[in-house]
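In case you want the letters, here they are:
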Amino acid sequence: MTMGADQLEEARISTAGRASRTLHSGLHLRQTLIALTAGTRMDEHQSPGDATVHCLRGHVTLRTRERTIAVGEGELIDAPPERHDVVADQDSLFILTVAVA
């Protein structure tokens, strides 16, 4: 199994419907592989600053108070710089990349 398939399998057996693994944590950059099962919602949270979401599999939706951002398989977006939540529209796997100080 690949790391992504492992993460999705872990999310499927988790009561929370999600699983994550840090891929890289350095002085200036952190990357996290996140798997969410269909319908799983990451509650509203503050944007971590400069960040991107790269959807590797499935489809997720980021929602702010002002807008909705659909992210499909293969798409890379800038994470919104305001509070937002994330909902998996189907079983999904994405990489969250965050600039750290």
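Above this text sits the structure in question.
If you're wondering where the values come from, they're calculated on a predicted model, not measured in any experiment.

**Student:** Help me understand helix H1 (residues 3–13), please; the structure alone is not making it clear to me.
**Tutor:** Note: α-helices contain 3.6 residues per turn, so residues at a spacing of three or four share the same orientation. Of the positions making up H1, those classed as buried are Gly 4, Ala 5, Gln 7, Leu 8 and Ala 11. Buried positions in H1, seen along its axis, are confined to an arc of 160° and lie on one side of it. Summarising the contacts, the buried residues of H1 are in contact with strand S1 (18–25), strand S2 (29–36), strand S4 (51–57) and strand S9 (92–99).

**Student:** Help me understand the nonpolar core in this model?
**Tutor:** When a protein is soluble and globular, its nonpolar side chains tend to lie buried together. Within the largest apolar cluster, 16 residues are counted, with the highest numbers of intra-cluster contacts made by Leu 36, Val 60, Leu 62, Val 71, Val 86 and Phe 94. Elements with a minimum of two residues in this core: S2, S4, strand S5 (59–63), strand S6 (68–72), strand S8 (84–88) and S9. Here Val 86 is in contact with Leu 36, Thr 40, Arg 41, Met 42, His 45, Val 60, Thr 61, Leu 62 and Phe 94, once residues within four sequence places are set aside. Leu 8, Ala 11, Leu 33 and Ala 35 belong to the second-largest nonpolar core, a separate cluster that totals 7 residues.

**Student:** Where do I start with the sheet that holds S8 in this structure?
**Tutor:** Ordered in space as S3-S8-S5-S6, the 4 strands form an open sheet in which the pairing is antiparallel. Looking at the sheet topology across the chains shown, the edges are occupied by strand S3 (41–45) and S6. Averaged over all pairs of adjacent strands, the angle between strand axes in this sheet comes to 15°, irrespective of strand direction. Relative to S8, S3 runs antiparallel, the two being bridged by 3 bridges. Note on S8: the bridge partner recorded for His 45 is His 84.

Reading the values: the criteria
- Residues numbered from 1 in each chain as written.
- Predicted model: local features only at pLDDT ≥ 70, side-chain atom pairs only at ≥ 80, totals over all residues.
- Heavy atoms only, no water.
- Buried < 20%, exposed > 50% of the residue type's maximum accessible area, 1.4 Å probe, protein only.
- Helix = DSSP H or I, 4+ residues; strand = E, 2+ residues; numbered from the N terminus.
- Arc of directions from axis to C-beta.
- Contact = heavy atoms within 4.5 Å.
- Core = buried A, V, L, I, M, F, W, Y, C linked by side-chain atoms within 4.5 Å.
- Pairing = 2+ DSSP bridges.
- Axes fitted to C-alpha atoms, helices over the stretch in contact; angles between N-to-C directions.

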